[in-house]
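# Descriptive analysis of the structure
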Amino acid sequence: MLQPKKTKYRRQQKGRMKGNSYRGHEIAFGSFALKTLENAWITGRQIEAARQALTRFMKREGQIWIRIFPDKPVTKKPAEVRMGKGKGAPEYFVAPITPGRIIFEAEGVPLEVAKEAMRLAAQKLPVATKFVVRRDYVEDNS
Amino acid sequence: MKAISMSGSLRENVGKKAARQSRREGLVPSVLYGGKDQIHFCLDEKSLKKVIYTPDVYLINFDIAGTKKQAVIQDLQVHPTTDKVLHIDFLEITPGKPVIMNLPIRLEGVALGVLAGGKLVKKFRTLKVKGLVENMPEEIKVNVTKLEIGGTVKVSSLTSDTLQFLDRPTGIVATVKSTRAAATAEEAVPGKK
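The text that follows walks through the structure, step by step, so that each part is easy to find. In this text, all values refer to a predicted model and were calculated from it rather than measured experimentally.

Below, the discussion takes up the overall build of chain B. Each helix and strand counted, chain B has four helices and 13 strands in total. Scaling as 2.2 N^0.38, a compact globule of 193 residues should have a C-alpha radius of gyration of about 16 Å, whereas chain B reaches 22 Å, well beyond that. Counting across all 193 residues of chain B, residues that qualify as buried make up 36%. Partitioning the intrachain contacts of chain B with sequence separation of at least 6 by distance along the chain shows that 64% fall at a separation of at least 24.

In structure tokens, the structure reads:
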């Protein structure tokens, strides 16, 4: 599961997400990609589940890239604890993403295989997504 | 290098409001620079598809309100979610002035390593080159026939009289990777460790 090796501060404020993703919204490495259409906090577990679905369908052929990283700690108070007494303990890490962000990229498999693999991966994520192909992609040149 | 002709109309107003209006009308706001003056103009979205959704690089002959110009695509902005083209930068071609372009790579021949069961992998899709437009080929042809398993073609091994390769010389353009089938076949050969 993806998470930072060390963090400068243990807890972070929530922050706000607005607008589209003007960074990381274009395919940089592979030929196919999964792009988000909503904003959300994607947890490390969700990324790992989606990655497994992707690689299993691709039968470990080709190559994949994960373009997001969960570096934001989310805290949680224990059950049955009264309010107050400070912020809770860090529980897991999330990657805040806004519409347009590329989540996964793939290369080295046919288009139909990549499309189905990305569909299966998208089912593990809490956002609406779309499958995108590199602008200069041609089937025999992949 | 492939060439294509296009006509555009000058933008009367530059700015967000006018740009949005032209996008609604199916036009793409564009700019042409690199020559004496910069020209702001609009292009038809449909006519652009041929030069954008392709691995080929085109030399574009523009006719902008009666003015003839030659240019190449320099930069492209797309919408994050809809992937619609928002704006295009064109670099004007001045005779005798070299330009930097990304040319597609084409691997030629069947590598020896592939015949032995390896897999040919292309690491670069395009190569950044500098040269005069009249000397620019459509694509950079790389001969891979002599490549064995584990062999590589590096940027430094590519030569051209008219072009200068700007990617790092140690960058690997193509390689033949060993596959499981090739590895097992090698082990099965008696006398080989």
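With that settled, consider the side chain of E107 of chain A. As for its position among the elements, E107 of chain A is in strand β6 (residues 102-107). You can call E107 of chain A buried: its relative accessible area is 14%. In terms of polar contacts, E107 of chain A uses its side chain to reach the side chain of S31 of chain A, at 3.1 Å. Here the side chain of E107 of chain A touches R125 of chain B through a polar contact of 2.5 Å, side chain to side chain.

The interface of chain A with chain B comprises 22 residues on the first partner and 14 residues on the second. Viewed at the interface, chain B and chain A are joined by three salt bridges. The residue R125 of chain B makes a salt bridge to E107 of chain A at a minimum N-O spacing of 2.5 Å. For the side of chain A that touches chain B, the residue count by class is six nonpolar, eight polar and eight charged.

In this section: the packing of helix α1 (residues 44-57) of chain A against helix α2 (residues 111-122) of chain A. For any two helices packed against each other, the geometry is given by the interaxial angle and the distance between the axes. Residues and elements named next belong to chain A. Closest axis-to-axis distance for the α1/α2 pair is 8 Å, and the angle between their directions is 155 degrees. Classed by the angle they form, the pair α1 and α2 counts as roughly antiparallel. As for the relative orientation of α1 and α2, their crossing is right-handed in sense. Contacts between α1 and α2 involve A50, A53, L54 and F57 on the former and, on the latter, V113, E116, A117, M118, L120 and A121.

All names here are of chain B. Looking at the secondary structure, you find S30 in strand β2 (residues 27-33). Judged by relative accessible area, which is 0%, S30 ranks as buried. A distance of 3.1 Å separates a polar side-chain atom of S30 from the backbone oxygen of V28. Those residues within four positions of S30 in sequence are excluded, and the remaining contacts are I39, H40, F41, L43, H87, I88 and F90.

For the rest of this paragraph, the subject is the environment of G24 of chain A. Residues and elements named next belong to chain A. Checked against the element boundaries, G24 lands in the segment before β1 (32-36). Assessed through its relative accessible area of 22%, G24 is described here as partly exposed. Residues G24 and I97 lie 73 residues apart in sequence; the distance between their C-alpha atoms is 10.0 Å. In this structure, G24 is in contact with R67, G100, R101 and I102, ignoring residues within four places of it in sequence.

It is worth spelling out the sheet that holds strand β12 (residues 164-165) of chain B at this point. Residues and elements named next belong to chain B. With respect to topology, four strands assemble into an open sheet ordered β10-β7-β9-β12, the strand pairing being mixed. Strand pairing shows two members of the sheet lacking a second neighbour, β10 (140-143) and β12, which therefore form its edges. Where strand β7 (residues 99-108) meets β10, four bridges bridge the pair, whose relative direction is parallel. When the bridges of β10 are listed, I105 appears paired with I140.

The next subject is the pattern of salt bridges. Overall, the coordinates contain twelve salt bridges over all chains when judged by the stated rule. Between R134 of chain A and D136 of chain A there is a salt bridge, with its nearest N and O atoms 2.7 Å apart. In this structure, the salt-bridge partner of K68 of chain B is D63 of chain B, at a minimum N-O distance of 3.6 Å. Judged by relative accessible area, K68 of chain B falls into the exposed class, the value being 65%.

Our focus in this paragraph is the packing of aromatic side chains. On inspection of all chains with the given rule, the structure shows six aromatic pairs over all chains. Consider the rings of F41 of chain B and F62 of chain B, whose centres lie 5.3 Å apart with planes at 70 degrees: the pair is edge-to-face. Taken together, the residues F41 of chain B in strand β3 (residues 39-44) and F62 of chain B in strand β4 (residues 58-64) connect sequence positions 21 residues apart. The buried category is assigned to F41 of chain B, whose relative accessible area is 0%. Members of the aromatic cluster, each reached through a chain of ring pairs, are F32, F131 and Y137 of chain A.

Cut-offs used in this document
- The numbers attached to residues start from 1 for each chain and follow its sequence in the written order.
- Both sets of labels track the order of writing: A upward for chains, 1 upward for ligands.
- Selection of residues for local features in this predicted model requires a pLDDT of at least 70, selection of side-chain atom pairs for listing and counting requires 80 or more, and totals for whole chains, interfaces and linings are taken over all residues.
- The basis for every side-chain value is the complete set of heavy atoms in the structure, and neither hydrogens nor water enter the calculation.
- Here a strand is any run of E in DSSP of at least two residues, a helix any run of H or I of at least four, and the numbering for each starts at the N terminus.
- Just to be clear, the radius of gyration here is over C-alpha atoms, and the globule rule we use is 2.2 Å times residues to the power 0.38.
- Note on exposure labels: buried denotes an accessible area under 20% of the residue type's maximum, exposed denotes more than 50%, and partly exposed covers the range between, all computed with a 1.4 Å probe on protein chains only.
- Residues count as neighbours in contact if any of their non-hydrogen atoms are within 4.5 Å of one another.
- Polar contact is defined as a pair of N or O atoms within 3.5 Å, subject to the rule that within protein one atom must be able to donate a hydrogen and the other to accept it, and that residues adjacent in sequence are counted only when both atoms are side-chain atoms.
- By definition here, a salt bridge exists when the distance from a side-chain nitrogen of Lys or Arg to a carboxyl oxygen of Asp or Glu is within 4 Å.
- Residue type decides the class: Asp, Glu, Lys and Arg count as charged, Ala, Val, Leu, Ile, Met, Phe, Trp, Tyr, Cys and Pro as nonpolar, and the leftover types, Gly among them, as polar.
- The axes are straight lines fitted to the C-alpha atoms, using for helices just the contacting stretch, and the angles between their N-to-C directions are given from 0 to 180°.
- Angle categories are assigned with fixed cut-offs, so that under 35 degrees is roughly parallel, over 145 is roughly antiparallel, 65 to 115 is roughly perpendicular, and the rest are oblique.
- Should the near helix be turned counterclockwise from the far one by less than a right angle, the crossing is left-handed, whereas a clockwise turn marks it as right-handed.
- Strand pairing requires that DSSP identify at least two bridges connecting the strands.
- Any two rings among Phe, Tyr and Trp, with Trp reduced to its six-membered ring, count as a pair given centres within 6.5 Å; such a pair is stacked if its planes are under 30 degrees apart, edge-to-face if over 60, and tilted if neither.

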